[in-house]
Every structure is written in structure tokens, then in C-alpha cells.
Amino acid sequence: MPIAHSVLDLIGNTPIVRARNLDTGPCTVYLKLESQNPGGSIKDRIGLQMIEAAEARGDLKPGATIVEGTAGNTGLGLALVARQKGYKLILVVPDKMSREKIFNLKAMGAQVVLTRSDVAKGHPDYYQDLAERIASETPGAYFINQFGNPDNPAAHEHGTGPEILAQMAEAGGVDAIVFGCGSSGTMTGLSRCFARQSPDTELILADPMGSILTEYINEGTLSDKSASWMVEGIGEDFLPSISDFTRVKKAYAISDQESFLTARELLEKEGVLGGSSTGTLLAAALKYCREQTEAKNVLVLVPDTGNKYLSKMYNDYWMADNGFLERERHGDLRDLIGRPFAKRDTVVVSPADLLVTAYQRMKLYDVSQLPVMEDDQLVGLIDESDLLLHVYGDEAKFRDPVSTAMVRKLDKVDVGESIEALLPVFDRGHVAIVTKGERFLGLITRIDLLNHLRRRVE
């Protein structure tokens with residue numbers, strides 16, 4: 001491989017790998033690793049195309065500010081290109097975006113504006129409408145508008161599509177391709193390319209449950225009511241103006257849980273670390289494949305890398321807290337404990353540990369309190385307030401042992417008590433310490449109770 005002159009030269013020409021360990025029925029599944037683009041997603045392609053086309057038209061002047069509304073990856077693609085070309089970038093993103101994406105965007109120099117993810121198009125806080133308004137109020141700004149920008153599908157019509165067909169010629173062609181739809185650029189561009197160069201290729205849409213697109217494709221009705229979903233980057237509550245669904249013949253609605261578990265299965269069985277939408281696409285592809293009666297080559301896009309979702313779908317605690325991983329049920333307060341001590345999930349300190357150690361563990365694991373354990377016996381509890389009151393005015397006391405600052409009088413709740421027994425503990429500003437006899441089982445915090453109540457409602 002030759003030396004690239006710029007990171008932008010590395011966009012595109014992503015590899016395809018054959019899946020060998022998944023249940024694909026009579027079909028062969030191929031995975032196109034768009035996660036291997038330098039920005040980690042397929043959206044690098046449209047970031048480059050939309051910016052360079054705007055430059056060619058004279059819409060972008062040196063030093064201009066680009067504004068866009070994005071669920072994440074388009075923002076990363078734009079940030080990659082904008083930084084290399086010297087443009088400022090303002091991105092409006094919904095608040096369901098993973099922390100990794102936000103950290104990534106800020107590290108690349110983008111200004112990130114968070115907005116609500118629970119409102120639909122037309123609401124002033126909807127991320128696309130807010131981005132358009134910011135662009136109109138910012139001198140010298142250019143609203144790139146991926147949802148209405150014809151350069152978006154052009155990147156896939158003239159780039160991604162021909163690239164796929166050239167690569168899959170080695171396998172005898174591609175009988176079906178599975179994709180998702182956010183801005184609809186991928187679908188529209190591939191559809192136009194295949195209409196000319198591979199008209200027999202079936203186009204299959206993978207859609208998050210709650211999006212309006214599955215009903216539109218399968219039943220021909222356009223609903224004005226959508227629900228929320230947690231998969232990022234795909235699914236819609238309206239039809240983007242650049243969308244062309246005419247050649248898409250079938251769609252599958254995939255739940256968040258199936259999406260996340262399928263992505264985790266892909267990593268476990270094939271070694272491919274894909275993002276949340278990858279799970280949606282692969283789950284739809286597997287459903288399609290298992291419905292077939294003859295062998296077919298089915299291509300699935302891996303739109304982005306799972307590195308951006310390590311704190312979410314690849315985090316067992318997050319998965320369990322959101323009801324996506326089943327927990328063992330006991331019928332008592334153990335069902336509310338987020339980090340059971342018996343499984344060594346509870347972050348603890350010993351009385352002899354230094355207070356600086358307790359502080360570092362609170363920061364590392366994002367917790368506010370730590371049980372103090374000695375030979376598997378609970379001897380105390382230390383929280384942020386205890387630590388602060390002990391070291392304030394004399395920072396050298398960070399070197400004192402935990403035993404000097406911990407609380408020994410503990411709010412214990414027997415595991416057999418009702419949920420109502422937690423409320424007085426929380427009202428006192430404490431965390432509930434759950435025990436069975438003298439044995440410590442774990443902590444229950446307010447958020448643990450809220451998670452439990454939400455799971456029960458769902």
C-alpha cells in the first residue's frame with residue numbers, strides 16, 4: 001500500500017470479509033467494513049464529498065463555519081475533513097449520542113451543541129431544525145444539511161456502489177445488500193448505482209423499531225407517529241428530501257435489544273467490532289437469509305466502529321440497567337442491586353487504603369460512595385462528602401487511611417424487606433446497604449431503584 005499524502009486519501013476502499021461463524025441459513029454473508037475509514041464510519045465518504053462539492057461551487061469560503069445536525073457519525077466525518085481544510089464546525093447532536101462520540105468530536109475541534117432526542121421534526125429543539133437556525137444566525141456559516149444535500153447520495157452512487165460491485169465480482173456478484181437509513185444518502189446512492197449496474201440486486205432496509213420507515217416500505221403507508229429508539233444513526237420520523245425508496249422492496253424492524261445483542265454476537269463470533277446500527281443491519285440480514293430457499297450472496301454494511309459504544313452496548317452494566325441483558329431473579333431486594341458484591345462487581349476499598357485511592361476509584365468507576373471491606377466483612381462506608389470534609393483545608397490528608405474518614409454507623413436494609421423500606425434511607429440522603437444476616441450483598445442507589453421501576457413498566 002502506498003504512503004498517503006493526507007488522512008483524507010484513506011477514505012473509501014474499505015475491505016470486505018466473509019462471515020464464517022454466524023447462522024446465515026443457505027446464504028453467504030459478507031461484511032463491508034466501513035468502520036475502517038479513518039474517522040471510523042461510512043460517513044467519512046459524505047463528509048468529504050459534501051465539503052469538496054461545496055468548495056467547487058464556491059459555497060464554502062476559506063475560514064467559513066460549517067453547521068450541521070447529526071446523530072454522530074456525519075459529524076465525525078465532517079470534523080475529519082473540516083479540520084484538515086481549515087473550517088470551523090458547529091454540530092447539533094441529540095442527547096442520546098454516546099459519550100465516546102461527543103469526546104471524539106470535541107477532540108477534533110468541533111463545537112458540540114446538545115439538544116433533545118425526544119422531539120420530532122418541526123420542534124424548535126429538534127436537532128436538524130436547531131442546526132438550521134444556528135446557521136442562519138451565524139455570520140459566514142454554511143448549513144451543509146445532509147438530509148437535503150444531493151452530494152450525500154452522490155458519494156455512494158459514484159463511490160461506494162461501484163466499489164462494492166468491483167469487490168463482490170470475486171465472489172460472483174451480490175444478490176442482496178442490507179443497509180440502514182438515517183439521512184438516506186447511502187440507500188439512495190446505492191439504489192441509483194445498482195439500478196444501472198446490478199439491477200437484480202435486492203435492496204433490504206434494516207430499521208430500528210419505532211422508526212416510520214418499515215411501515216412505509218412494507219405497507220405503503222406513511223405514519224406521522226414515531227417512537228423512540230436507542231440505536232444511533234439510523235431510523236427516521238420523516239422522509240428526507242433526498243430519499244428514494246422506489247427500489248427497496250422489503251424492510252425489517254429490529255428492536256434495540258436484538259440490535260445490541262447481535263452486534264455483540266458479531267464481535268464474539270467474527271471478531272468484528274461494529275456499532276449499534278451494525279447490529280440492526282446484521283439482525284435484519286440474518287432474518288432475510290434464514291427466509292431464503294436458495295443460496296445468495298448478501299452484503300451487510302458495518303457502518304461504524306464499536307469503539308464509540310464501549311460505555312453503552314458493550315458495557316454489561318449499561319445493558320443490564322437498561323433491561324437488555326437478563327439478570328437472575330430472586331424476588332427480593334437483590335433484584336435492585338446493580339453491582340452485586342458476590343460477583344465481585346462492587347467497587348470497594350479497605351480501611352487501610354489511602355484516601356487518595358478511594359478518590360481515584362470513585363473517579364475511575366464514576367461512583368459516589370464505596371463500601372469499606374475487611375476480610376469480606378462490611379466495616380464502613382465512605383462517600384464524596386466524607387472524603388471532602390476530611391481533606392478540606394489540608395490536602396495532605398489524602399494520604400490518611402480510609403478508616404479515618406469512613407462512616408461506621410450504616411443504613412442497612414435486610415434483603416427480605418420491601419422496596420418501600422428504601423425510601424426513608426434515600427430521604428436521609430443515604431445509599432441503601434443490603435445485607436442478609438451479617439453478609440453484605442451490595443448497594444442500592446436512587447438510580448438503581450429508578451432503573452428497576454422503568455424495567456418493570458416496560
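For the structure, check the block above.
Reading guide: rules and limits
Residues numbered from 1 in each chain as written. Predicted model: local features only at pLDDT ≥ 70, side-chain atom pairs only at ≥ 80, totals over all residues. Heavy atoms only, no water. Pairing = 2+ DSSP bridges. Helix = DSSP H or I, 4+ residues; strand = E, 2+ residues; numbered from the N terminus. Right-handed = clockwise from strand over helix to strand, strands pointing away. Axes fitted to C-alpha atoms, helices over the stretch in contact; angles between N-to-C directions. Parallel < 35°, antiparallel > 145°, perpendicular 65-115°, else oblique. Left-handed = near helix turned anticlockwise from the far one by under 90°. Contact = heavy atoms within 4.5 Å. Nonpolar A, V, L, I, M, F, W, Y, C, P; charged D, E, K, R; others polar. Phe/Tyr/Trp six-rings, centres within 6.5 Å; stacked < 30°, edge-to-face > 60°. Buried < 20%, exposed > 50% of the residue type's maximum accessible area, 1.4 Å probe, protein only. Polar contact = N/O pair within 3.5 Å; in protein donor to acceptor, adjacent residues only side chain to side chain. Salt bridge = Lys/Arg side-chain N within 4 Å of Asp/Glu carboxyl O. Expected span 1.5 Å × (residues − 1). Arc of directions from axis to C-beta. Core = buried A, V, L, I, M, F, W, Y, C linked by side-chain atoms within 4.5 Å.

1. A look at the pairing of strand E5 (residues 111-115)
Point 1. Summarising the sheet, strand E4 (residues 88-94) and E5 pair through 5 bridges and their orientation is parallel. Pairing of Leu91 across the sheet is with Val112, part of E5.
Point 2. Each parallel crossover has a hand, and the one from E4 via helix H3 (residues 99-107) to E5 is right-handed.

2. With respect to the sheet that holds strand E15 (residues 439-444)
Point 1. Spatially, 3 strands are ordered E13-E14-E15 in an open sheet, and the strand pairing comes out mixed. Of all strands in the sheet, those bounded by a partner on one side alone are strand E13 (412-414) and E15. Within this sheet the neighbouring strands show an average axis-to-axis angle of 35 degrees, counted without direction.
Point 2. Pairing between strand E14 (residues 432-436) and E15: 5 bridges, direction antiparallel. Note on E15: the bridge partner recorded for Ala432 is Ile444.

3. Some thoughts on the packing of helix H5 (residues 151-168) against helix H6 (residues 185-197)
Relative orientation and spacing of two packed helices are given, respectively, by the angle between their axes and the distance between those axes.
Point 1. Where H5 contacts H6, the axes come no closer than 7 Å and their chain directions differ by 55 degrees. Judged by the inter-axis angle, H5 sits oblique to H6. Every pair of crossing elements has a handedness; the one defined by H5 and H6 is right-handed. Of the residues in H6, those touching H5 at Asn152, Pro153, His156, Glu157, Thr160, Gly161, Pro162, Ile164 and Leu165 are Gly185, Thr186, Thr188, Gly189, Leu190, Arg192, Cys193, Phe194, Arg196 and Gln197.
Point 2. Grouping the constituent residues of the contact of H5 with H6 by class yields 7 nonpolar, 9 polar and 3 charged.

4. Quick notes on the packing of aromatic side chains
Point 1. For the structure on display, the rule yields 9 aromatic pairs.
Point 2. On the numbers, 5.5 Å between centres and 80 degrees between planes, the contact of Tyr216 with Phe245 is edge-to-face. Within this pair, whereas Tyr216 is found in helix H7 (residues 213-219), its partner Phe245 is found in the loop between H7 and strand E9 (248-254), the two being separated by 29 residues in sequence.
Point 3. Between Trp318 and Phe324, the aromatic rings sit 5.9 Å apart at their centres with planes inclined by 40 degrees, giving tilted as the arrangement. Here the two residues Trp318 and Phe324 agree in accessibility, since each one is buried.
Point 4. Three or more aromatic residues joined by ring pairs form one cluster here, namely Tyr126, Tyr127, Phe147 and Phe238.

5. Observations regarding the environment of Asp118
Point 1. Within the secondary structure layout, Asp118 lies in the loop between E5 and helix H4 (127-137).
Point 2. Judged by its relative accessible area of 56%, Asp118 is exposed.
Point 3. Sequence spacing of Asp118 and Ile42 is 76 residues, and the spatial spacing of their C-alpha atoms is 25 Å.
Point 4. Of note is the side chain of Asp118, whose polar atom sits 2.9 Å from the side chain of Arg116.

6. With respect to the pattern of salt bridges
Point 1. For the structure on display, the rule yields 24 salt bridges.
Point 2. A salt bridge links Arg361 to Asp353, with the nearest nitrogen and oxygen atoms 3.7 Å apart.
Point 3. Salt bridges sharing partners connect three or more residues here, namely Lys32, Glu34, Arg45 and Glu163.

7. Looking at H4
Each full turn of the α-helix corresponds to 3.6 residues, which orients residues three or four apart in the same direction.
Point 1. Among the residues of H4, Tyr127, Gln128, Asp129, Leu130, Ala131, Ile134 and Ala135 are the ones counted as buried.
Point 2. In this structure, the buried residues of H4 make contact with strand E3 (65-69), E4, E5 and strand E6 (141-143).

8. Things to note about helix H14 (residues 446-457)
Point 1. Relative to the 16 Å expected for 12 residues at 1.5 Å per residue, H14 spans 17 Å between its end C-alpha atoms, a close match to the ideal helical length.
Point 2. All of the buried residues along H14 are Asp448, Leu449, Asn451, His452 and Arg455. Seen from one end, H14 has its buried residues packed into an arc of 160 degrees, which puts them on one side. Structural note: H14 exposes Leu450 and Val457 on the side pointing more than 90 degrees away from its buried face.
Point 3. Looking at the buried residues of H14, the elements they touch are helix H10 (316-321), helix H13 (422-427) and E15.

9. Thoughts on the nonpolar core
Point 1. Formed by 59 residues in total, the largest nonpolar core has its most connected members in Leu31 and Val178.
Point 2. Sorting elements by how many residues they give to this core places helix H9 (residues 276-291) first, with 8 residues.
Point 3. Non-local contacts of Val178, meaning those with residues more than four positions away in its chain, are made with Ile204, Ala206, Leu281, Ala284, Ala285, Val298, Leu299, Val300 and Leu301.
Point 4. Membership of the second largest hydrophobic core comes to 28 residues, among which are Ile66, Leu89, Ile102 and Val112.

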